[in-house]
Amino acid sequence: MSGHSELSFALDLTLDEARRRTAVLEAIGDDWDPVAVLAEEERAYDLLYSGLDADQQRIYDELVAAGVLPDRTVGRVTD
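Reading the values: the criteria
Residues numbered from 1 in each chain as written. Predicted model: local features only at pLDDT ≥ 70, side-chain atom pairs only at ≥ 80, totals over all residues. Heavy atoms only, no water. Helix = DSSP H or I, 4+ residues; strand = E, 2+ residues; numbered from the N terminus. Buried < 20%, exposed > 50% of the residue type's maximum accessible area, 1.4 Å probe, protein only. Areas by Shrake-Rupley, 256 points an atom, 1.4 Å probe, with all protein chains shown as cover. Salt bridge = Lys/Arg side-chain N within 4 Å of Asp/Glu carboxyl O. Phe/Tyr/Trp six-rings, centres within 6.5 Å; stacked < 30°, edge-to-face > 60°.

Topic: the overall build of the protein chain
- Secondary structure assignment for the protein chain yields three helices and zero strands.
- Reading the secondary structure of the protein chain in the N-to-C direction produces α-α-α.
- Counting only residues that meet the buried cut, the protein chain has 4% of its 79 residues in that class.
- Carbon and sulfur atoms provide 58% of the accessible area of the protein chain, an area that totals close to 7500 Å².

So, in structure tokens, the structure goes:
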């Protein structure tokens, strides 16, 4: 055999993706509230980055300036 043969095929993952999404939603349950989950996550981050000493705050500020961490003060009302 001296010729090159091409083999092409297509795989439709639509049914598998539908099964995966169904399984995820069943695992999450009916009482899942994405808005509440995001609010809790924000509160957790607020706690995580609160009460930093001067050196920790300096490192945090450097990481924010470098784009490694998001600036958590953007869009927040300050007292």
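On we go.
A word on the pattern of salt bridges
- Summed over the entire model, instances satisfying the criterion amount to eight salt bridges.
- A salt bridge links Asp-16 to Arg-19, with the shortest nitrogen-to-oxygen separation between them at 3.1 Å. Within this pair, Asp-16 and its partner Arg-19 are both found in helix α1 (residues 14-28), separated by three residues, close to a single helical turn.
- With a relative accessible area of 42%, Asp-16 lands in the partly exposed category.

A short note on the packing of aromatic side chains
- Under the definition given, this model contains two aromatic pairs.
- A ring pair is formed by Tyr-45 and Tyr-49, whose centres lie 6.3 Å apart and whose planes are at 5 degrees; its orientation type is stacked.
- Pairwise contacts between aromatic rings join Tyr-45, Tyr-49 and Tyr-60 into one cluster.

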